[in-house]
Amino acid sequence: MCTQEAFQTQRSQLVGLLVSGSLEGFESILDWLLSWEVLSWEDYEGLSLLGQPLSYLARRLLDTVWNKGTWGCEQLVAAVREAQTDCQALELSSCWDPHSPHPARDLQSHRPAIVRRLYSHVEDVLNLAWEQGFISQYERDEIRLPIFTSSQRARRLLDLATVKANGLAAFLLRHVQELPVPLAMPSEDAACKKYMSKLRTTISSQSRFLSTYDGAENLCLEEIYTENVLEIRTEMGLARSPQKSPATLSLEELFSTCGHLNEDADTVLVVGEAGSGKSTLLQRMHLLWASGRDFQEFLFVFPFSCRQLQCVAKPLSVQMLLFEHCCWPDFGQQEVFQFLLDHPNRVLLTFDGFDEFRFRFSDHERHCSPTDPTSVQNLLFNLLQGNLLKNARKVLTSRPDAVSALLRKYLRLEINLKGFSEEGIELYLRKCHREPGVADRLIRLLKTTSALHGLCHLPVVSWMVSKCHQELLLHGGGSPKTSTDMYLLILQHFLLHASPPDSVPHSLGSRLLRGRLPTLLHLGRLALWGLGMCCYVFSAKQLQAAHIDDEDISLGFLVHAKSVGPGSTTPLEFLHITFQCFFAALYLVLSTDVSPSLLRQLFICHGPRSSLLARLLPTTCVPRSEHKEGSLAALLQEAEPHNLQITAAFLAGLLSREHRGLLAECQANEEALLRLQGRAQGCLSRSLHQHFRSIPPAVPGEAKSMHAMPGFLWLIRSLYEMQEERLAREAVRGLTVGHLKLTFCGVGPPECAALAFVLRHLRRPVALQLDHNSVGDIGVEQLLPCLSVCKALYLVGNDIGSVGARALALMLEKNVALEELCLEENHLQDEGVCSLAKGLERNSSLKVLKLSNNCITYLGAEGLLQALEKNDTILEVWLRGNTFSLEEMERLSQKDTRLLL
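All of these numbers come straight from a predicted model, not from anything done at the bench.

**Student:** Account for the overall build of the protein chain, naming residues and giving values.
**Tutor:** Summing up its helical and strand segments, the protein chain has 45 helices and 19 strands in all. Looking at the protein chain as a whole, 58% of its 901 residues are labelled buried. For the protein chain, the exposed area adds up to about 37300 Å²; of that, 51% sits on carbon and sulfur atoms.

**Student:** Describe the sheet that holds strand E12 (residues 705-707), listing the residues and the values that go with them.
**Tutor:** In spatial order, the strands read E12-E13-E14-E15-E16-E17-E18-E19; together these 8 strands make up an open sheet with parallel pairing. Looking along the sheet, the strands with just one partner apiece sit at the ends: E12 and strand E19 (899-900). Inspection of the sheet shows strand E17 (residues 848-850) paired to strand E18 (residues 876-878) by 3 bridges, in the parallel sense. Along E18, the bridge assignment pairs Leu849 with Val877.

**Student:** Tell me about the sheet that holds strand E4 (residues 248-249), and name the residues and values.
**Tutor:** Pairing between sheet strands relies on hydrogen bonds along the backbone, with the strands arranged either parallel or antiparallel. With mixed pairing, 7 strands are arranged side by side in an open sheet as E4-E3-E9-E5-E8-E7-E6. Only two strands of the sheet have a single neighbouring strand rather than two, namely E4 and strand E6 (300-305). With 2 bridges connecting them, strand E3 (residues 230-233) and E4 associate as antiparallel partners. Pairing of Glu231 across the sheet is with Thr248, part of E4.

**Student:** Mind laying out the environment of Ala274, listing which residues take part and the relevant values?
**Tutor:** With respect to the secondary-structure elements, Ala274 resides in the loop between strand E5 (267-271) and helix H15 (278-290). Relative accessible area serves as the criterion here: at 10%, Ala274 is assigned to the buried category. Between the C-alpha atom of Ala274 and that of Pro400, which follows or precedes it by 126 residues, the distance is 9.5 Å. Once you skip the residues sitting within four places of it in the chain, Ala274 turns out to touch Arg399, Leu458, His576, Ile577, Thr578 and Ile646.

**Student:** Give a description of the nonpolar core that names residues and reports values.
**Tutor:** In terms of nonpolar packing, the biggest core is built from 238 residues, with Phe302, Phe583, Phe712, Leu742 and Leu851 touching the most fellow members. In terms of residue count, the dominant contributor to this core is helix H31 (residues 577-590) (12 residues). Leu14, Val38, Trp41 and Ala83 belong to the second-largest nonpolar core, a separate cluster that totals 26 residues.

**Student:** If you had to explain the packing of aromatic side chains to someone new, which residues and values would you point to?
**Tutor:** Across all of its chains, the model carries 28 aromatic pairs by this definition. Between Phe255 and Phe295, the ring centres sit 6.0 Å apart and the planes meet at 90°, which makes this aromatic pair edge-to-face. One end of the pair, Phe255, is in the loop between E4 and E5; the other, Phe295, is in the loop between H15 and E6, with 40 residues separating them in the sequence. Assessed through its relative accessible area of 14%, Phe255 is described here as buried. A ring pair is formed by Phe582 and Phe650, whose centres lie 5.3 Å apart and whose planes are at 80°; its orientation type is edge-to-face. With Phe582 in helix H31 and Phe650 in helix H35 (residues 641-654), this pair connects stretches of sequence that are 68 residues apart. Under the relative-accessibility criterion, Phe582 is labelled buried at 1%. Residue classification places Phe650 among the buried positions, given a relative accessible area of 5%. Three or more aromatic residues joined by ring pairs make a cluster, and in this case those are Trp463, Tyr487, Phe494, Trp529, Phe538, Phe557, Phe574, Phe579, Phe582, Phe583 and Phe650. In this structure, Arg880 packs its charged tip against the face of Trp878, placed 5.1 Å from the ring centre.

**Student:** I'd love a proper account of the pattern of salt bridges, names of residues and values included.
**Tutor:** Going through the model one piece at a time under the given rule, you end up with 36 salt bridges. For the salt bridge of Asp266 with Lys390, the shortest nitrogen-to-oxygen distance reads 3.6 Å. Here Lys390 lies in the loop between helix H19 (376-385) and strand E8 (393-398) and Asp266 lies in the loop between E4 and E5, a separation of 124 residues in the sequence. According to the relative accessible area criterion, Asp266 is buried, its value standing at 6%. Between Arg408 and Glu414 there is a salt bridge whose closest N-O contact spans 2.7 Å. Residue Glu414 is classed as buried on the basis of its relative accessible area of 1%. Look at the salt bridges and you will find they share partners, linking Glu27, Asp31, Arg111, Arg155 and Asp159 into a network.

**Student:** With reference to specific residues and values, describe the packing of helix H21 (residues 422-432) against helix H24 (residues 459-467).
**Tutor:** Where H21 meets H24, the closest approach of the two axes is 10 Å, and the angle between their N-to-C directions is 40°. When the axis of H21 is compared with that of H24, the two are oblique. The way H21 lies across H24 gives a crossing that is right-handed. Between H21, through Ile425, Tyr428, Leu429 and Cys432, and H24, the contact on the second element is made entirely by Ser462, Trp463, Val465 and Ser466.

**Student:** For helix H26 (residues 483-498), give the residues involved together with the corresponding values.
**Tutor:** In a regular helix each residue adds 1.5 Å, so 16 residues correspond to 22 Å; H26 covers 23 Å between its end C-alpha atoms and thus fits that length. Burial runs high along H26: 14 of the 16 residues are buried.

**Student:** Help me get a handle on the environment of Val848, residues and values and all.
**Tutor:** With respect to the helices and strands, the residue Val848 is situated in strand E17. Taking the relative accessible area as the measure of exposure, Val848 reaches 15% and is therefore buried. C-alpha of Val848 to C-alpha of Trp878: the two residues are 30 residues apart in sequence and 8.0 Å apart in space. The contact partners of Val848, leaving out residues within four places of it in the chain, are Glu819, Glu820, Leu821, Glu876 and Trp878.

**Student:** Mind laying out the environment of Val465, listing which residues take part and the relevant values?
**Tutor:** By the element assignment, Val465 lies in helix H24. Assessed through its relative accessible area of 1%, Val465 is described here as buried. Spatially, the C-alpha atom of Val465 lies 9.3 Å from that of Leu489, the residues being 24 residues apart in sequence. If near-sequence neighbours (up to four positions away) are discounted, Val465 is found in contact with Leu429, Leu442, Leu452, Cys456, Leu472 and Met486.

**Student:** Quick one: what's the story with the packing of H26 against H35, residue by residue and with numbers?
**Tutor:** Put simply, H26 and H35 touch, their axes get as near as 9 Å, and they point 80° apart. In terms of their interaxial angle, H26 and H35 are classed as roughly perpendicular. Between H26, through Ser483, Thr484, Tyr487 and Leu488, and H35, the contact on the second element is made entirely by Ala649, Phe650, Gly653 and Leu654. Considering only residue class, the contact of H26 with H35 consists of 5 nonpolar, 3 polar and no charged.

**Student:** Please provide a residue-by-residue account of unusual backbone geometry, values included.
**Tutor:** Even without being glycine, His772 reaches a positive phi, approximately 55°. Mapped onto the elements of the fold, His772 is located in the loop between strand E14 (766-769) and helix H41 (776-783). Even without a glycine there, the phi angle at Asn853 is positive, about 55°. Of note, Asn853 is situated in the loop between E17 and helix H44 (858-868). Overall, Asn853 belongs to the buried group, its relative accessible area being 10%.

**Student:** Can you explain the side chain of Glu721? Please cite residues and give values.
**Tutor:** Relative to the helices and strands, Glu721 is located in helix H38 (residues 710-722). Arg717 provides the closest opposite charge to the buried, salt-bridge-free Glu721, at an N-O distance of 4.1 Å.

**Student:** Lay out the confidence of the model for the protein chain with the relevant residues and their values.
**Tutor:** In this model, the protein chain carries an average pLDDT of 84, and 88% of its residues clear a pLDDT of 70 or more. In this model residues 87-93 is a low-confidence stretch, pLDDT under 50, and it forms 18 contacts with partners more than four residues away in sequence or in other chains. Taken together, the stretch residues 236-245 has pLDDT below 50 and engages in 13 contacts with residues farther than four places along the chain or on a different chain.

**Student:** Give a detailed account of the pairing of E5, specifying residues and quantitative values.
**Tutor:** Within E5, 5 of the 5 residues are buried, leaving the element largely enclosed by the surrounding structure. Across the two faces of E5 the burial is the same, with Thr267, Leu269 and Val271 and Val268 and Val270 all buried. The pairing of E5 with E8 spans 5 bridges and is parallel. Residue pairing across strands places Thr267 opposite Lys394, the latter belonging to E8.

**Student:** How would you explain the pairing of E3 if you had to name every residue and give the values?
**Tutor:** Side chains Leu230 and Ile232 project from E3 onto one buried face, and the interleaved Glu231 and Arg233 project onto a second face that is buried too. Sheet analysis places E3 next to strand E9 (residues 411-417), joined by 4 bridges and oriented antiparallel. Note on E9: the bridge partner recorded for Glu231 is Asn416.

Cut-off values and rules
Residues numbered from 1 in each chain as written. Predicted model: local features only at pLDDT ≥ 70, side-chain atom pairs only at ≥ 80, totals over all residues. Heavy atoms only, no water. Helix = DSSP H or I, 4+ residues; strand = E, 2+ residues; numbered from the N terminus. Buried < 20%, exposed > 50% of the residue type's maximum accessible area, 1.4 Å probe, protein only. Areas by Shrake-Rupley, 256 points an atom, 1.4 Å probe, with all protein chains shown as cover. Pairing = 2+ DSSP bridges. Contact = heavy atoms within 4.5 Å. Core = buried A, V, L, I, M, F, W, Y, C linked by side-chain atoms within 4.5 Å. Phe/Tyr/Trp six-rings, centres within 6.5 Å; stacked < 30°, edge-to-face > 60°. Lys NZ or Arg CZ within 6 Å of the ring centre and 35° of its normal. Salt bridge = Lys/Arg side-chain N within 4 Å of Asp/Glu carboxyl O. Axes fitted to C-alpha atoms, helices over the stretch in contact; angles between N-to-C directions. Parallel < 35°, antiparallel > 145°, perpendicular 65-115°, else oblique. Left-handed = near helix turned anticlockwise from the far one by under 90°. Expected span 1.5 Å × (residues − 1). Nonpolar A, V, L, I, M, F, W, Y, C, P; charged D, E, K, R; others polar. Lys, Arg positive; Asp, Glu negative; His and termini not counted. pLDDT = per-residue confidence, 0-100.

Shown next as structure tokens:
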């Protein structure tokens, strides 16, 4: 029995107990107290205030319960016990009458069970309740705000049912009863429970701080994490709902039932370019599980890094992989492992960085024994195929280049991680800079510097902008336009902060780099060696062989990696793979050991792992030859193609006219740099010409069409990094295609800037097709310089809104070349359409405007009608799939037959 006096005496311990868990645990306690009628509805509302510290809410709960006497104090202790049990064992067998005459009361009395059953299906239930008229769109959107977890959304829906008298409570009582009962842990084995607790604690401590991009400070993941755009990849050519193409989802919906490629597969693949936030996404998933807020259908989560696993030389079994390389059970190892084998559906394995695994996926060697050791790569491949731990879920992250058609056979779902949205960039910077005015100034800078704004959709660049905010705002960091500009700025930022205050002037420039040239060469040589050996974590022995000392490490670009195995010393890694590529490029430029002929090895093609781009290069540019093992040429020959592409693009940027002087002063050899620049320019120019000459001739009577190959965008990006107008003009001088197709190519704002930089020099008009990419509003702004040579522009699914529409409208006022503009499946809405209408009033070239599936209402259509009264050039305006009633469609079609509804 818990008396009021004892309760008051133990108040500080009780506060500590209530705040030691997560907000989810506290809200679960409220669920029990509400269901037992310990708390009145007024009490509950006072304890559910948004934005209040958990410690404040805990003390307020203790005050409320204490005022209810001994019985209330006892019930609180019981609720804490129930909530803890509920967190570890998900079994809830509570039943209720779905046709109860008092549905609101039953929703409250069975609240813990209903929340548990509802949380995995809350999105579907919300949509159904909205479709059937029980909640408004505003109420649905309020509940779906991204600040709420799935459980919180379920509770807010139940809270709404309490106050609405329109049948919502009865609907929920009936519908929730039909939902599947959450899986419960079928074993009460103490070893399993102990291990699960240890696993949660271990993963929570590993996931709580974000150190992916920063070795100098630890950032709390909860405070800095910003949602990325996740988009479901569907097979090209498959029928899709026009309103949901391409479909997006939140992290919490990763295991939802939509968009499956193979129902029998267990693996979800998340693809994204380097720096798009794949590792941070997994870290967020781990933290949500460890803190009990989401993914609770899994009792055990095992995170792995592929770059760490490939360092493991000895054969491994499944048991060795899970226990030795993730978390070791303190006792009952065999009992725990047997439980995992018996219940694989309660297990989640995550593998980060599949592209950094030096082996390519193969299904030739089958391995089905969970206790017999095999090679690391064979173990991973058989896990992905389901030959081992079938029905255990796996999440794999990779850059797109490493994903083969063979691997896709074994995928349940493929997700594109597209980086930050425009809103995400702003939100991230505000989270990084809470001091007054700093974030506002940075955001204003980005909005007036379109090229830099476009780069920031990659979280790694947004992080660099945040780190270099003083240089950008105060110390003359300029306005970076290319990736190379940004990486040089962050390099100088680290150098500045690592130097004693009185040793260098507080300014950016060659003197800063020249003073640390030995360190830059040491890091660059290590980076290049690592790329050639597919090595991304470095042991103490490897660091010593590369002459890396404490002073080099103190610069901050090498950070501690997680330990590869028990008892080993902590290795180091570059703080991001793009920095490893950048330092490799810096070494190739600054080292006196590198000759122009060696530079050509960046583009060489050898063996099945080579890039398509290398095969396009003329033999006069890249002769094939054998190289001495361990030489720089051999390292470049063996490096992964996608890392070579990043390195080559940085190399092109470093050899640009803008940066050549800076590097020449560091090395005092401008003549050598000019030779390197000439060689790189020659290779790029000849490669593009070879690429264009390989295009098949046009079918008689049709325009010549070119489907971009994987190397094309990289060549264009490299040209843009070099910022050489003459080279861009020469590159497209002989291009005679009438249609350039770049659909599903991952084209974002940086690629748009590069395309515009090159394509604006075309001598003949071209149709540019960019459907189903990530152009967005910023990318539209980047494309504007080349639209004067476009006769058609296709943008059917590019996340373009009103800002992009305004930019296009201003272009239409002056453009005399564009005849067809396709903006289907975006979110222009009425505001964007009205902007386009104003541009159409002055346009005399556009004939077809496609605006289907853009959430346009009658208001937006009226704006178009006003523009059409002044424009007799337009022949068709497509408005299918927008939000018109039958009466409105009839009225519009009568007013102007050019509107296709």
